[in-house]
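# Examining the three-dimensional arrangement
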Amino acid sequence: MKFSISREALLRPLTLVAGVVERRQTLPVLSNVLIQVEGDQVALTGTDLEVELVGRTVASVVEVPGAATVPARKLMDICKSLPEQSDIQLSVEEGRAVLRSGRSRFTLSTLPAAEFPNIEEGDGSQELSVPRGTLKQLIETTSFAMAQQDVRYYLNGMLLEIQSNLLRTVATDGHRLAMCSRPVEVAVTQGQKLIVPRKGILELSRLLDDSDEPVSLTLGATHVRAHTGDFTFTSKLIDGKFPDYERVVPRNGDKVLIAERAELRQVLSRTAILSNEKYRGVRLYLESDNLKVMANNPEQEEAEENVGIEYGGASLEIGFNVGYLIDVLSVLNQDRVQITLADANSSALLEVPGGGDALYVVMPMRL
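Residues numbered from 1 in each chain as written. Predicted model: local features only at pLDDT ≥ 70, side-chain atom pairs only at ≥ 80, totals over all residues. Heavy atoms only, no water.

- Naming follows an unreviewed UniProt entry, where the protein chain appears as Beta sliding clamp of Halomonas dongshanensis.
- The Subunit (unreviewed entry) comment attached to the protein chain in UniProt states, word for word, "Forms a ring-shaped head-to-tail homodimer around DNA."
- For the protein chain, the Sequence similarities (unreviewed entry) comment in UniProt is given as "Belongs to the beta sliding clamp family." (UniProt positions renumbered as here; feature names shortened; annotations may be inferred.)

Rendered as structure tokens:
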């Protein structure tokens, strides 16, 4: 294998592919990136056996086609540190990968390409195409609510639900729930629900931009695959049953308040400074046209803020984990937020006034 390529042509796909590669690996070859050169095409593949990403780029000169695996992180760091617009020549000589650029020369260890695992091609049961920007927004407005290392493994990911002309993402960690639905032009014979693991969701989001260019999704029984531009992304699915999210959404709230989103977020952020570091609880006192936010901690320190709101119902006192409220206010894309409450023991429903394509449920805390 021997080819030349510009630094920029190699660096973008390499950076994204190296993001999939885990630093600590059980198999040495998994910390490497697979480089395959065929014609003038260079394909870079990284995997952690759960998520696989293939990025393609074009070489300026190919002298000898072939394949090799080299340490992903070291190759990326070398490319990043070279001057902009430099030319890189990469070759395999006597079982070593040699990278030359200008007066620089780096020799890297290699492992045989045959040892590199690939995620088996499952039977793609359905294919559909959706705009990249739509899928990115669906992921970004809900991904913060995914669980991390929960024993209920099916919560450590995101539910992707596909119905005719509707795409929905749902994430929950058992204390809060985020859901977003967008109309898309897809026709499916039967609705499908897939649970994509947390890492897969975060890597997929990095690949997408806000354009209307399509990303094509192939949904299999055990994998989901996405083709976008020069990248092919594959992720295993979590085999489990996602909770019935419709039952979690509170429908009986009679206390509806509307607040300025940015102002409420700043008030909560300031109050949070003096909340208990472990539980992050704040108390909300709801009264006519005013919301009082209070926090205290074991050091007997207190914070109290008042913020004007639109509300004319009965007064209510309720506690929340302040971080959960701030997370929601950070992803809502409108200037105002509508919060629906029932009583001190019922979950809050947060959405844009009048209801938008996203809704959020946050369970209360006993303080």
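Now that the structure has been shown, we can carry on.
## A word on the overall build of the protein chain
- Secondary structure assignment for the protein chain yields seven helices and 25 strands.
- With respect to the principal axes defined by its C-alpha atoms, the protein chain has extents near 80 × 55 × 35 Å.
- Buried positions account for 53% of the 367 residues belonging to the protein chain.
- In the protein chain, the proportion of contacts linking residues at least 24 apart, taken out of those at least 6 apart, comes to 67%. (Helix = DSSP H or I, 4+ residues; strand = E, 2+ residues; numbered from the N terminus. Buried < 20%, exposed > 50% of the residue type's maximum accessible area, 1.4 Å probe, protein only. Contact = heavy atoms within 4.5 Å.)

## Section: the nonpolar core
- Within the largest apolar cluster, 98 residues are counted, with the highest numbers of intra-cluster contacts made by Ile35 and Leu268.
- Broken down by element, this core gets its largest block of residues, seven residues, from helix H1 (residues 7-20).
- In this view, isoleucine 35 contacts Met1, Phe3, Val42, Ala43, Leu44, Gly66, Ala67, Ala68, Val70, Leu75 and Leu90; residues no more than four positions away in its chain are not counted. (Core = buried A, V, L, I, M, F, W, Y, C linked by side-chain atoms within 4.5 Å.)

## Observations regarding the packing of helix H3 (residues 132-140) against helix H4 (residues 198-207)
- Two elements in contact, H3 and H4, have axes whose closest approach is 10 Å; the angle formed by their N-to-C orientations is 140°. Relative to H4, the element H3 is oriented oblique. Of the two elements, H3 crosses H4, and the hand of that crossing is left-handed. On H4, the residues that touch Leu135, Lys136, Ile139 and Glu140 of H3 are Ile201, Leu204 and Ser205. (Axes fitted to C-alpha atoms, helices over the stretch in contact; angles between N-to-C directions. Parallel < 35°, antiparallel > 145°, perpendicular 65-115°, else oblique. Left-handed = near helix turned anticlockwise from the far one by under 90°.)

## A closer look at the UniProt feature "domain: DNA polymerase III beta sliding clamp central" (unreviewed entry) in the protein chain
- Under the feature "domain: DNA polymerase III beta sliding clamp central" (unreviewed entry), the UniProt entry names residues 130-244.
- Between the C-alpha atoms that bound residues 130-244 there is a distance of 25 Å. The span itself is 17% helix and 43% strand.

## Remarks on helix H6 (residues 261-272)
- For H6, with twelve residues, the first-to-last C-alpha span of 16 Å sits near the 16 Å given by 1.5 Å per residue.
- Inspection of H6 places Arg261, Leu264, Val267, Leu268, Thr271 and Ala272 among the buried residues, and these make up the whole buried set. Considered in projection along H6, the buried side chains sweep an arc of 135° and stay on one side of the axis.
- Of the surrounding secondary structure, the elements contacted by the buried residues of H6 are strand E18 (255-260), strand E19 (281-287), strand E20 (290-296), strand E21 (302-308), helix H7 (322-331) and strand E23 (336-341). (Expected span 1.5 Å × (residues − 1). Arc of directions from axis to C-beta.)

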